[in-house]
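Given next are the chains, with one letter for each unit.
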Amino acid sequence: MAGTTLRNRLIYLLPGLRQWAHMPALVGWIAISVGIVAGRNVPESIAIPLYTTVATVAIPLLLGVALFTPGVLLRAIFFVAVGILLSIRSCHCETRTFARLESLLGDKDRVEFAGTVASFPRTVFDGYTFVLLVDKTSMGESEALNKRFLCRSAVSPTRNSYVKCTGRIRIPKSQVNPGAFDERLHMMYNNLWGTLYADSVTILDSMPGPAVSAALSFRRAVHAVAAHLSNIRHRGILLAAFLGEKDELASTTRDLYRSAGIYHLLAISGLHVGMLIAAVMLVLGPLPLPQIAKTICTLAVIWAYLLLIGPIPSLYRAVIMATIFLVALIFQRRPHPLNALGLAGIAWLTSSPMSLFSPGYQLSFAATLGILTLHPPLDSLVSTRIPHDIRRLLLRPLTSSALLSIIGFLATA
């Protein structure tokens, strides 16, 4: 009886809860997030045997059951269990792997890695950084194999090229003081296992393939356009807005955007995906093609853009949500934005559970959740107070845009 009364009061205060309960992806996203947080508190004496015995099979099995379970409560329980196992894998088992890497490194000053360049090199200070997927090592054991390391060097190899790097390696340290920066956690949610300061990089094979070649051509084109800009500040803004490269962004520009509350415009996210979809639709609109063909072409373009830029949380979330909406157009269904957001969150956390503690993930998803939940009722409330005349036509677009900025700011504050 008391439980029913509490539920009725919650529904009265938050009427959207009843509707949210019928969104399986949204419920699953919230539940899997709760499970990841809870999994960090599982003692290692329980976590390690649990993961080594059942987690490998249980994670995909529980995830499949959770996706197709009709009951809201059971669905939430299964997703919480998935989150706990994912967290155990990341927190406890990967922590032991870090310890084994440190023991293998021992007193060695230099190591030799060979592998594939798994990211586009980025300019940092007087050198470059890129991600190296290792398949050969001089450390004598296979613990470092098939793992990603951040490499810093004076050489800029192309993506997908095969290189040999020699230098000093550093394994990230875990948090020492409460509230301090946790370098190990930061590396974990980026799926990195250490930093290699390479003083020697030998390119053994440079065959990027057609997809990477297209991505390199796109980046070179943007850099070529930026090079024609005499104003360094404008050049930094262009590279940040189109490629997500903020290395050339002046500190004064960063401060101006932050103080104005529009720093999010420099992050590649839903704004860029929306403009890209609008541009593709504008080009394909006059062509005598079926609507399905136009939608498929639009999907191909936004996924190609994701591959060109890389899997950053804000862009990944926007592409997943846009994909759900475009596929719904093909099947003539009406998707709910919150359910699409939940599906994007589940997909991202399943592949990178420690991203839940990443500022980039939190800001991106929190801003979108705040806009989707708060903007419709507030916009409706404000619009009812504007007279039904020409002033409403002029003021409502302004008030709607202002509300978006205010809600985005409050959701990420």
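Here's a quick rundown of the structure.

Calculation rules
- Residues numbered from 1 in each chain as written.
- Predicted model: local features only at pLDDT ≥ 70, side-chain atom pairs only at ≥ 80, totals over all residues.
- Heavy atoms only, no water.
- Patch = residues over 30% accessible without salt bridge, like charges linked within 9 Å, V, L, I, M, F, W, Y side chains within 5 Å.
- Areas by Shrake-Rupley, 256 points an atom, 1.4 Å probe, with all protein chains shown as cover.
- Salt bridge = Lys/Arg side-chain N within 4 Å of Asp/Glu carboxyl O.
- Buried < 20%, exposed > 50% of the residue type's maximum accessible area, 1.4 Å probe, protein only.
- Helix = DSSP H or I, 4+ residues; strand = E, 2+ residues; numbered from the N terminus.
- Expected span 1.5 Å × (residues − 1).
- Arc of directions from axis to C-beta.
- Contact = heavy atoms within 4.5 Å.
- Polar contact = N/O pair within 3.5 Å; in protein donor to acceptor, adjacent residues only side chain to side chain.
- Axes fitted to C-alpha atoms, helices over the stretch in contact; angles between N-to-C directions.
- Parallel < 35°, antiparallel > 145°, perpendicular 65-115°, else oblique.
- Left-handed = near helix turned anticlockwise from the far one by under 90°.
- Nonpolar A, V, L, I, M, F, W, Y, C, P; charged D, E, K, R; others polar.
- Pairing = 2+ DSSP bridges.
- Phe/Tyr/Trp six-rings, centres within 6.5 Å; stacked < 30°, edge-to-face > 60°.
- Lys NZ or Arg CZ within 6 Å of the ring centre and 35° of its normal.

**Some words on a nonpolar patch on the surface**
A surface patch of nonpolar side chains, about 320 Å² in accessible area, is lined by Leu-73, Leu-74 and Ile-77. By relative accessible area, Leu-74 is classed as partly exposed at 48%.

**Let's talk about helix 10 (residues 270–284)**
Helix length check: helix 10 (15 residues) gives 21 Å between terminal C-alpha atoms against 21 Å at 1.5 Å per residue, within 8%. Burial in helix 10 covers these residues: His-272, Val-273, Ile-277, Val-280 and Leu-284. Down the axis of helix 10, the buried side of the element spans an arc of 135°, and every buried residue falls inside it. Along its buried surface, helix 10 packs onto helix 8 (232–243), helix 11 (291–309) and helix 12 (313–330).

**Concerning the side chain of Ser-352**
Position of Ser-352 relative to the elements: it lies in the loop between helix 13 (337–351) and helix 14 (359–384). The class of Ser-352 is buried, set by a relative accessible area of 15%. A polar contact of 2.6 Å, which involves the side chain of Ser-352, links it to the side chain of Ser-355.

**Some thoughts on the packing of helix 13 against helix 14**
Contact geometry of helix 13 with helix 14 gives a least axis separation of 10 Å together with a crossing angle of 165°. The angle between helix 13 and helix 14 falls in the class roughly antiparallel. Considering only the axes of helix 13 and helix 14, their crossing is left-handed. In contact with Pro-337, Leu-338, Leu-341, Ala-344, Gly-345, Trp-348 and Leu-349 of helix 13, helix 14 contributes Tyr-361, Phe-365, Thr-368, Leu-369, Leu-372 and Thr-373. A breakdown of the residues in the contact of helix 13 with helix 14 according to their chemical character gives 10 nonpolar, three polar and no charged.

**Topic: the pairing of strand 6 (residues 195–205)**
Here strand 4 (residues 148–153) runs beside strand 6; their pairing, made up of three bridges, is parallel. Its bridge partner being in strand 6, Arg-152 is matched across the sheet by Tyr-197. Relative to strand 6, strand 5 (residues 162–170) runs antiparallel, the two being bridged by nine bridges. Paired with Arg-170 across the bridge in strand 6 is Thr-195.

**Some remarks on the packing of aromatic side chains**
On inspection of all chains with the given rule, the structure shows five aromatic pairs. Consider the rings of Trp-29 and Phe-365, whose centres lie 5.5 Å apart with planes at 45°: the pair is tilted. Note that Trp-29 is positioned in helix 3 (residues 24–39) and Phe-365 in helix 14, a separation of 336 residues in sequence. Residue Trp-29 is classed as buried on the basis of its relative accessible area, which comes to 7%. Seen in terms of ring centroids, Phe-98 and Trp-193 are 5.0 Å apart; in terms of plane orientation they differ by 40°. Their pairing is tilted. Residue Phe-98 is found in helix 5 (residues 72–105), and its partner Trp-193 is found in the loop between helix 6 (183–188) and strand 6; the two are separated by 95 residues along the sequence. Residue classification places Trp-193 among the buried positions, given a relative accessible area of 8%. Grouped by ring-pair contacts, the aromatic residues Trp-29, Tyr-361 and Phe-365 constitute a single cluster. The cationic tip of Arg-40 hangs over the ring face of Phe-357; the distance from NZ or CZ to the ring centre is 4.6 Å.

**Things to note about the environment of Leu-343**
Mapped onto the elements, Leu-343 comes out in helix 13. Leu-343 sits in the partly exposed class, given a relative accessible area of 38%. Between the alpha carbons of Leu-343 and Ile-324 there is a distance of 9.0 Å; along the sequence they are 19 residues apart. If sequence neighbours within four positions are ignored, Leu-343 has contacts with Ala-25, Ile-320 and Ile-324.

**Remarks on helix 11**
Between the first and last C-alpha of helix 11 there are 27 Å, a value that for 19 residues agrees with the 27 Å anticipated at 1.5 Å per step. Turning to helix 11, its buried residues are Lys-294, Thr-295, Thr-298, Leu-299, Ile-302, Tyr-305, Leu-306, Leu-308 and Ile-309. Looking one or two residues past helix 11, Gly-310 carries a phi angle of roughly 115°, positive in sign.

**Brief notes about the pattern of salt bridges**
The final tally for this structure, using the stated rule, is two salt bridges. Measuring nitrogen to oxygen at the nearest pair gives 2.6 Å for the salt bridge that ties Arg-110 to Asp-199. Of the two residues, Arg-110 sits in the loop between helix 5 and strand 1 (111–117) while Asp-199 sits in strand 6, which places them 89 residues apart along the sequence. For Arg-170, the salt bridge identified is with Glu-183, shortest N-O distance 2.6 Å. Of this pair, Arg-170 sits in strand 5 while Glu-183 is found in helix 6, placing the two residues 13 residues apart along the sequence. You can call Arg-170 partly exposed: its relative accessible area is 30%.

**Here's the deal with unusual backbone geometry**
A positive phi angle, near 55°, is found at Asn-191, a position not held by glycine. Checked against the element boundaries, Asn-191 lands in the loop between helix 6 and strand 6. With relative accessibility at 41%, the residue Asn-191 sits in the partly exposed group.

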